[in-house]
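Now for the letters of each chain:
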Amino acid sequence: MKETLATDVPADWSDDADFKDLLHAAFRYAMALTHAVEEAEDLVHDACVAIVRSGGSWEKGYLLTTIRNRFIDRYRRNQRILFVPIEEGEDLPDVQLKEQDYLLSGALDQALGELKAEERETLFLAVVEGYTAQQIADLTSRPRGTVLSLLHRTKSKLRTLLTRRTGAEGSI
Amino acid sequence: MKPEKSLEEQLRTHYESQRLSSSVIEEIRILRKGSEQERRAVRFPVRWLAIAAIIAVTIAGSALVLLPRSDRGAAEELAMIAARDHNRRLAVEVHASDYDELRAKMARLDFNPVMPQRAEGMSLRVVGARYSSVGGSPAVEIKLIEPSGGICTLIQVRPDDRLARIGSSKQFVIDGLRIDVWKEKGLVMALARTA
């Protein structure tokens, strides 16, 4: 397993509230991968079992890496196509999304369901977790340029999916 | 005019509203707590282990045990899983009317589901089952119907080192459910019913 990210989290999980926050963050990442509540819960649970058995660290980066590895193993066993090859792209500027009210959580959830796992994962890590492109590259074992390209394409794709669902007009 | 939210803000709101269920959090918390207790036991100096052994031997019939016990932790963890699976109400993957049919249809298990002796006399009717897991070990979640029409959930799993420590049968009440955990016929079982 690649070296995990060093994130700014406490090493001592004697604080139960902090431990619960860690688990919620892990669950959100698992949801980004699977887009399915039960699968995400199973992934988090299995990853935690693995950490307990190996005596591994409860540091956030290590937990997310463990979840990702379990996700890949699970889908390999089921022989599903999971992560498709992504062409490396040159560094692209981040797309500035238009200010538009997409307060249709159902439409957003459905649109996210239409994305591939790696697309949701990259979007989640960048937008929700605030990871840099390099941090995402380290976690997903991809070149930084590929991550930037994927992020750019995913945002465009999500925007298109939402526009179709909401019928929103105007320049995007 | 209310400022519109960007797509990034909507994404953050969408994901940050998602939280792991309290039952799974509790399972993991118990799992972690149990492993920490085991590590503390291993780190005891040898002389203290000798003293503890002497005391345990000399105090006959005493319930005092100086080493941390983990069988209740393992049983409680399994009870939490049974409560979670019962409340999820997931559809069965295999329909069956008895344990023979279950065994024939569930080929991916590394054990044969059996009718528990504890269930004899309860007139529980098998409806079906689905594959499950307990701590990474393959398990079966069997759905049963009581004569009153109530649904029961029976988890059966081949015990790993941790579950093998479950000694006497135990009973828990979790989320309005009564859960019995016991060992029988080489398997660890948990039966969840409405309390």
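Predicted, not measured: the structure shown is a model, and the values here were computed from it.

Caption draft 1: How the structure looks around the overall build of chain A. Within chain A one finds seven helices and zero strands. Its helices and strands in sequence order give chain A the pattern α-α-α-α-α-α-α, from N to C terminus. Carbon and sulfur atoms provide 46% of the accessible area of chain A, an area that totals close to 8,400 Å².

Caption draft 2: Fine view of the interface of chain B and chain A. Each partner contributes to the interface: chain B provides 34 residues, whereas chain A provides 40 residues. For the pairing of chain B and chain A, the buried interface totals around 3,600 Å² over both sides, and the portion due to carbon and sulfur atoms is 63%. On the chain B side of the contact with chain A, Leu-7, Tyr-15 and Arg-32 of chain B bury the most area, a combined 21% of that side's loss. Where Arg-53 of chain A meets Asp-160 of chain B, a salt bridge forms, and the shortest distance between an N and an O atom there is 2.7 Å. Counting across the interface, chain B meets chain A through seven residue pairs in polar contact (both at pLDDT 80 or more). Per-element accounting of the side of chain B that touches chain A gives the leading share, nine residues, to helix H2 (residues 22-43) of chain B. When its residues are assigned to classes, the side of chain B that touches chain A shows 10 nonpolar, 10 polar and 14 charged.

Caption draft 3: Quick look at the nonpolar core. Ranked by internal contacts, the top residues of the largest apolar core, which has 55 residues, are Val-44, Ile-67 and Leu-158 of chain A together with Leu-11 and Ile-28 of chain B. For this core, the element with the highest residue contribution is helix H1 (residues 16-34) of chain A, accounting for 10 residues. Other than its neighbours up to four places away in sequence, Ile-67 of chain A contacts Ala-26, Tyr-29, Ala-30, Leu-33, Leu-43, Val-44 and Ala-47 of chain A. The next biggest cluster of nonpolar side chains, apart from the first, holds 23 residues, and it includes Val-134, Ala-139, Ile-155 and Ala-190 of chain B.

Caption draft 4: Fine view of unusual backbone geometry. Residue and element names in this part refer to chain A. Of note, His-35 is a non-glycine position whose phi angle comes to about 55°, a positive value. Checked against the element boundaries, His-35 lands in the loop between H1 and helix H2 (37-54). With a phi close to 55°, Ser-141 is a non-glycine residue in the positive phi region. The residue Ser-141 is located in the loop between helix H6 (133-140) and helix H7 (144-166) in this model.

Caption draft 5: Representation of the pairing of strand S4 (residues 151-157) of chain B within the structure. Residue and element names in this part refer to chain B. Across the seven residues of S4, six count as buried, placing the element largely inside the fold. The sheet contact formed by strand S3 (residues 137-145) and S4 spans seven bridges and is antiparallel. The residue bridging Leu-144 from the neighbouring strand is Cys-152, located in S4. Pairing of S4 with strand S7 (residues 187-194), which is carried by five bridges, proceeds in the antiparallel orientation. Considered in S7, the bridge of Leu-154 is made with Leu-191.

Caption draft 6: View of the side chain of Thr-34 of chain A. All names here are of chain A. Of note, Thr-34 is situated in helix H1. For Thr-34, a relative accessible area of 10% corresponds to the buried category. Ignoring any residue separated from it by four or fewer positions in sequence, one finds Thr-34 in contact with Glu-39, Ala-40, Leu-43, Phe-71 and Arg-120.

Caption draft 7: Looking closely at the packing of aromatic side chains. Within the structure shown, the criterion is met by three aromatic pairs over all chains. Considering the side-chain rings of Tyr-29 of chain A and Phe-124 of chain A, the 6.2 Å spacing of their centres and the 35° angle between planes classify their relative orientation as tilted. Here the residue Tyr-29 of chain A occupies a position in helix H1, and Phe-124 of chain A occupies one in helix H5 (residues 117-128), the gap between them amounting to 95 residues. On the basis of relative accessibility, which here comes to 0%, the residue Tyr-29 of chain A falls in the buried class. Ring pairs connect the aromatic residues Tyr-29 and Phe-124 of chain A together with Tyr-15 of chain B, which therefore count as one cluster. Cation over ring: Arg-32 of chain B sits above Trp-58 of chain A, and NZ or CZ is 5.8 Å from the ring centre.

Caption draft 8: Geometry of the sheet that holds strand S6 (residues 177-184) of chain B. Residue and element names in this part refer to chain B. Taking strand neighbours across the sheet as the criterion, the seven strands line up as S1-S2-S3-S4-S7-S6-S5 in an open arrangement whose pairing is antiparallel. Each edge of the open sheet carries a strand with a single partner, namely strand S1 (94-95) and strand S5 (170-174). Across nine bridges, the pairing between strand S2 (residues 125-134) and S3 is antiparallel. When the sheet's bridge partners are listed, Val-126 is paired in S3 with Leu-144.

How each quantity is defined
- Residues numbered from 1 in each chain as written.
- Chains lettered and ligands numbered in written order.
- Predicted model: local features only at pLDDT ≥ 70, side-chain atom pairs only at ≥ 80, totals over all residues.
- Heavy atoms only, no water.
- Helix = DSSP H or I, 4+ residues; strand = E, 2+ residues; numbered from the N terminus.
- Areas by Shrake-Rupley, 256 points an atom, 1.4 Å probe, with all protein chains shown as cover.
- Contact = heavy atoms within 4.5 Å.
- Buried area = accessible area lost by both parts, 1.4 Å probe.
- Salt bridge = Lys/Arg side-chain N within 4 Å of Asp/Glu carboxyl O.
- Polar contact = N/O pair within 3.5 Å; in protein donor to acceptor, adjacent residues only side chain to side chain.
- Nonpolar A, V, L, I, M, F, W, Y, C, P; charged D, E, K, R; others polar.
- Core = buried A, V, L, I, M, F, W, Y, C linked by side-chain atoms within 4.5 Å.
- Buried < 20%, exposed > 50% of the residue type's maximum accessible area, 1.4 Å probe, protein only.
- Pairing = 2+ DSSP bridges.
- Phe/Tyr/Trp six-rings, centres within 6.5 Å; stacked < 30°, edge-to-face > 60°.
- Lys NZ or Arg CZ within 6 Å of the ring centre and 35° of its normal.

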